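Working through the structure, step by step
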Amino acid sequence: MDWINLAISISGATIRMSAPLIFAALGGLFSERSGIINIALEGKMLAGAFAAAAVTTLTQNPYLGLLAGGLAGMLMSILYGVFVINFKANQIVVGTAITILATGTVPFFSQILFQNTGSTPEIPIGSRFIYTPIMIAWALVILIWCLFKFTPYGMWHKFAGEHPDALQTSGVDVIRTRWSGVLVSGFLAGLGGATLSICLSSGYTRNMTAGRGYMALAALIVGGWKPITAALACLAFGFFDALGITLQGFQMPKPDFTIDLFNQIWNFFVSAQFIQIIPYILTIVVVAGFVGKSRPPKALGQPYLRNR
């Protein structure tokens, strides 16, 4: 019975834990499909998580909090876009800087608003989401698949990342298309962060994204820059995350080996510290197996110059 309960618990946790990753991966899809590397997803998620928790705490309205989270991610994207699109700066360097900026500024604003640099006040259960962002995330997977498959807007993003000169020649501005992708990317990543703080948790805690922005980017790569396969990869990474969290509260059997070294090895592998790193180990293994098989957009990471 314990194993059945464990399986049910992990299944439910997998669906919940995959939702923030799906939002961020879909955001990365818009940006990277249009040719802009989005290593800044982590910072945008962090900003979204804090903004959502702060606004929900102050207004007791999770819908306003969710919107604030998306707008906070978009604000970070505006700063990112100015440097990488307008000033043609190195996208990886600027993306890393955006994440560092978010990590440093969030405690500052938290101190101003709540006199606490580490967390926001606990949000009552009646003022936070239970399922809504999770359902929105999966609905967006289908919507964005249709957008890229059947609409000119989706095709513009594909061409901006694959053949930007051809897109410009056809009369569609590549710079505007890339700006659109970066802004949508920031909003969706912010929603991913908001899901963490006002749906999966009861508020913001310091560095609560814990590398999920990078996991979402890994899922996007594993999924071949396609919405449905990226979402399935997020589901797999969500399973790894859920496995680590669930096993921490599950009483693992502890056999008594006759050799003390074996007991020490067993205790290490069932320890909370080791279980916590399982999602990241499995993420590295999966990405290492798939990254060479995925083909990125041809113009990904290449600044576009209209006059060339």
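Residues numbered from 1 in each chain as written. Predicted model: local features only at pLDDT ≥ 70, side-chain atom pairs only at ≥ 80, totals over all residues. Heavy atoms only, no water.

- Under an unreviewed UniProt entry, the name given to the chain is ABC transporter permease, and the source organism is Fluviispira sanaruensis.
- Quoted verbatim from the Subcellular location (unreviewed entry) field of the UniProt record, the comment on the chain reads "Cell membrane". (UniProt positions renumbered as here; feature names shortened; annotations may be inferred.)

1. Focus on the packing of helix H6 (residues 152–162) against helix H8 (residues 174–200)
- Across the interface, H6 lies against H8 with an axial gap of 9 Å and an inter-helix angle of 105 degrees. As judged from the angle between their axes, H6 and H8 are roughly perpendicular. Taken together, the residues of H8 that come into contact with H6 (itself represented by Tyr153, Trp156, His157 and Ala160) are Thr177, Arg178, Ser180, Gly181 and Val184.
- Of the residues that constitute the contact of H6 with H8, the class distribution is 4 nonpolar, 4 polar and 1 charged. (Axes fitted to C-alpha atoms, helices over the stretch in contact; angles between N-to-C directions. Helix = DSSP H or I, 4+ residues; strand = E, 2+ residues; numbered from the N terminus. Parallel < 35°, antiparallel > 145°, perpendicular 65-115°, else oblique. Contact = heavy atoms within 4.5 Å. Nonpolar A, V, L, I, M, F, W, Y, C, P; charged D, E, K, R; others polar.)

2. Examining helix H2 (residues 41–59)
- The terminal C-alpha atoms of H2, which comprises 19 residues, lie 26 Å apart, in line with the 27 Å expected from a rise of 1.5 Å per residue.
- Within H2, 16 of the 19 residues are buried, leaving the element largely enclosed by the surrounding structure.
- Immediately downstream of H2, the backbone of glutamine 60 shows phi near 60 degrees, a positive value. (Expected span 1.5 Å × (residues − 1). Buried < 20%, exposed > 50% of the residue type's maximum accessible area, 1.4 Å probe, protein only.)

3. Some remarks on the environment of arginine 178
- Tracing the sequence through the fold places arginine 178 in helix H8.
- Placed 147 residues apart in sequence, arginine 178 and serine 31 show a C-alpha to C-alpha distance of 6.9 Å.
- Aside from chain neighbours lying at most four places away, what touches arginine 178 is Ser34, Gly35, Ile36, Ile85, Ala160, Pro164, Ala299, Gln302, Pro303 and Tyr304.
- Polar side-chain contacts of arginine 178 include one of 2.8 Å to the backbone oxygen of glutamine 302. (Polar contact = N/O pair within 3.5 Å; in protein donor to acceptor, adjacent residues only side chain to side chain.)

4. Notes on a nonpolar patch on the surface
- Taken together, Leu58, Phe108, Phe109, Ile112 and Leu113 make up a surface patch of nonpolar side chains, about 520 Å² in accessible area.
- Among the elements that line the nonpolar patch, the one with the most residues is helix H4 (residues 91–114), at 4 residues.
- In this structure, leucine 58 sits in helix H2.
- What makes leucine 58 exposed here is its relative accessible area of 57%. (Patch = residues over 30% accessible without salt bridge, like charges linked within 9 Å, V, L, I, M, F, W, Y side chains within 5 Å. Areas by Shrake-Rupley, 256 points an atom, 1.4 Å probe, with all protein chains shown as cover. Salt bridge = Lys/Arg side-chain N within 4 Å of Asp/Glu carboxyl O.)

5. Overview of helix H9 (residues 212–222)
- Counted residue by residue, H9 has 10 buried out of 11 residues, so it is predominantly covered.
- Among the residues of H9, Arg212, Gly213, Met215, Ala216, Leu217, Ala218, Ala219, Leu220, Ile221 and Val222 are the ones counted as buried.
- With its phi angle positive at about 65 degrees, glycine 224 sits one or two positions after the end of H9.

6. Observations regarding the UniProt feature "transmembrane region" (unreviewed entry) in the chain
- Under the UniProt annotation, the feature "transmembrane region" (unreviewed entry) is placed at residues 6–29, 36–57, 63–85, 92–114, 129–148, 214–245 and 265–291.
- The distance separating the terminal C-alpha atoms of residues 36–57 is 34 Å; by composition the span is 77% helix and 0% strand.
- Across residues 129–148, the secondary structure splits into 85% helix and 0% strand, with the terminal C-alpha atoms separated by 29 Å.

7. Re the nonpolar core
- Membership of the largest hydrophobic core comes to 73 residues, with the highest contact counts inside it found for Leu26, Ile144, Tyr204 and Phe237.
- Those elements that provide at least two residues to this core are helix H1 (2–33), H2, helix H3 (62–86), H4, helix H5 (132–150), H8, H9 and helix H10 (227–248).
- The greatest single-element share of this core, amounting to 11 residues, is contributed by H8. (Core = buried A, V, L, I, M, F, W, Y, C linked by side-chain atoms within 4.5 Å.)

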